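Per-entry structural report
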Amino acid sequence: QKEVEQNSGPLSVPEGAIASLNCTYSDRGSQSFFWYRQYSGKSPELIMFIYSNGDKEDGRFTAQLNKASQYVSLLIRDSQPSDSATYLCAVNCSNNDMRFGAGTRLTVKP
Amino acid sequence: DTEVTQTPKHLVMGMTNKKSLKCEQHMGHRAMYWYKQKAKKPPELMFVYSYEKLSINESVPSRFSPECPNSSLLNLHLHALQPEDSALYLCASSQETGEVRSPLHFGNGTRLTVT
């Protein structure tokens, strides 16, 4: 079983819609969760991080964490074409390794 | 602009060459990382330095040799690489490596091609 799993997509949404990205993880001891955005040929950039169960909002982005279900998600409201990128879920495992999911490729169509 | 600086941006080397990748951060972070990323794949952890000591080595071949001269600098020495080692090499830093981990800050990466 992979440690961090994401649907690889591609996920396509129209401009202005809500994009929903999902991630599950296997290490129940994990306490830190991150979403990174990566444009083609560029390095990952941090979008959100979350440590506690529930929702965390930052502008158009909302991260949701459910430790009981070992599930973390990212919602992007009012999606823009510039949001088109690969979104990487990262989880800090109990052995202090930061593990990445395979990434979900998002396309926002004008 | 990223606060983690990597040089060079691009590197082409032959299989018999010796080269080094360099990474520098001035955020006061005490943990530094090397990741390898192949096209359309997620970053794969190679090495972690915590307080200038190697804390994680993910069974990386000995042709990759990390070095942490001080808390701001991280090098990756390359020798006798194979064409399959061609990838984007990412350096990252974070405040610490505790269970509640602060985010990684990535550099822009070095695009390595081994011929």
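The structure under discussion appears in the preceding block.
Read on for a plain summary of the structure. (Residues numbered from 1 in each chain as written. Chains lettered and ligands numbered in written order. Predicted model: local features only at pLDDT ≥ 70, side-chain atom pairs only at ≥ 80, totals over all residues. Heavy atoms only, no water.)

A short note on the interface of chain B and chain A
Listed by partner, the interface residues are 21 residues for chain B and 22 residues for chain A. Across the chain B/chain A interface, buried area totals approximately 1800 Å², and carbon plus sulfur atoms make up 52% of it. The interface formed by chain B and chain A contains 0 salt bridges. At the surface where chain B touches chain A, the tally comes to 4 residue pairs in polar contact (both at pLDDT 80 or more). Classifying every residue of the side of chain B that touches chain A by side-chain character gives 11 nonpolar, 6 polar and 4 charged. (Contact = heavy atoms within 4.5 Å. Buried area = accessible area lost by both parts, 1.4 Å probe. Salt bridge = Lys/Arg side-chain N within 4 Å of Asp/Glu carboxyl O. Polar contact = N/O pair within 3.5 Å; in protein donor to acceptor, adjacent residues only side chain to side chain. Nonpolar A, V, L, I, M, F, W, Y, C, P; charged D, E, K, R; others polar.)

A short note on the pattern of salt bridges
When their charged atoms lie close together, side chains carrying opposite charge are able to pair. This structure, assessed with the given rule, holds 7 salt bridges over all chains. Here Arg60(A) makes a salt bridge to Asp83(A), at a shortest N to O gap of 2.9 Å. Placement of Arg60(A) in the loop between β6 (54–58) and β7 (61–66) and of Asp83(A) in the loop between β8 (71–76) and β9 (85–92) is noted, with a sequence separation of 23 residues between them. By relative accessible area, which is 1% here, Asp83(A) ends up buried. One network of salt bridges, with partners in common, ties together Lys36(B), Arg63(B) and Asp85(B). (Helix = DSSP H or I, 4+ residues; strand = E, 2+ residues; numbered from the N terminus. Buried < 20%, exposed > 50% of the residue type's maximum accessible area, 1.4 Å probe, protein only.)

Observations concerning the nonpolar core
Membership of the largest hydrophobic core comes to 23 residues, with the highest contact counts inside it found for Trp35(A), Val72(A), Leu74(A), Ile76(A) and Tyr87(A). Every element with two or more residues in this core is listed here: β3 (19–25), β4 (32–38), β5 (45–50), β7, β8, β9 and β11 (104–109) of chain A. For Leu74(A), the contacting residues outside a window of four places in its chain are Ala19(A), Ser20(A), Leu21(A), Trp35(A), Met48(A), Phe61(A), Thr62(A), Ala63(A) and Tyr87(A). One finds Met46(B), Phe47(B), Phe64(B) and Cys91(B) within the second-largest nonpolar core, a separate group that totals 22 residues. (Core = buried A, V, L, I, M, F, W, Y, C linked by side-chain atoms within 4.5 Å.)

Overview of unusual backbone geometry
All names here are of chain B. In this chain, Thr7 is followed by Pro8 through a cis amide linkage whose omega measures -10 degrees. Here Pro8 lies in the loop between β1 (4–7) and β2 (10–13). Backbone geometry places Ala80, a non-glycine residue, at a positive phi of 60 degrees. Take Ala80: it is sitting in the loop between β8 (73–79) and β9 (87–94). Take Ala80: its relative accessible area is 31%, and that puts it in the partly exposed class.

Considering the sheet that holds strand β1 (residues 4–6) of chain A
Residue and element names in this part refer to chain A. Reading across the sheet, the 5 strands line up as β1-β3-β8-β7-β6 and stay open at both edges, with antiparallel pairing between neighbours. The open sheet is flanked by β1 and β6, the only strands paired with a single partner. Here the strands of the sheet are splayed against their neighbours by 20 degrees on average, with no regard to which way each runs. (Pairing = 2+ DSSP bridges. Axes fitted to C-alpha atoms, helices over the stretch in contact; angles between N-to-C directions.)

Remarks on the sheet that holds strand β3 (residues 18–25) of chain B
Residues and elements named next belong to chain B. Taken in spatial order, the 4 strands of this open sheet run β1-β3-β8-β7, and their pairing is antiparallel. On the outer flanks of this sheet lie β1 and β7 (64–70), each paired with one strand and no other. Across the sheet, the axes of successive neighbouring strands diverge by a mean angle of 20 degrees, strand direction being ignored. Two elements, β7 and β8, share 5 bridges in a ladder whose sense is antiparallel. Across the sheet, the residue bridging to Pro66 is Leu76, located in β8.

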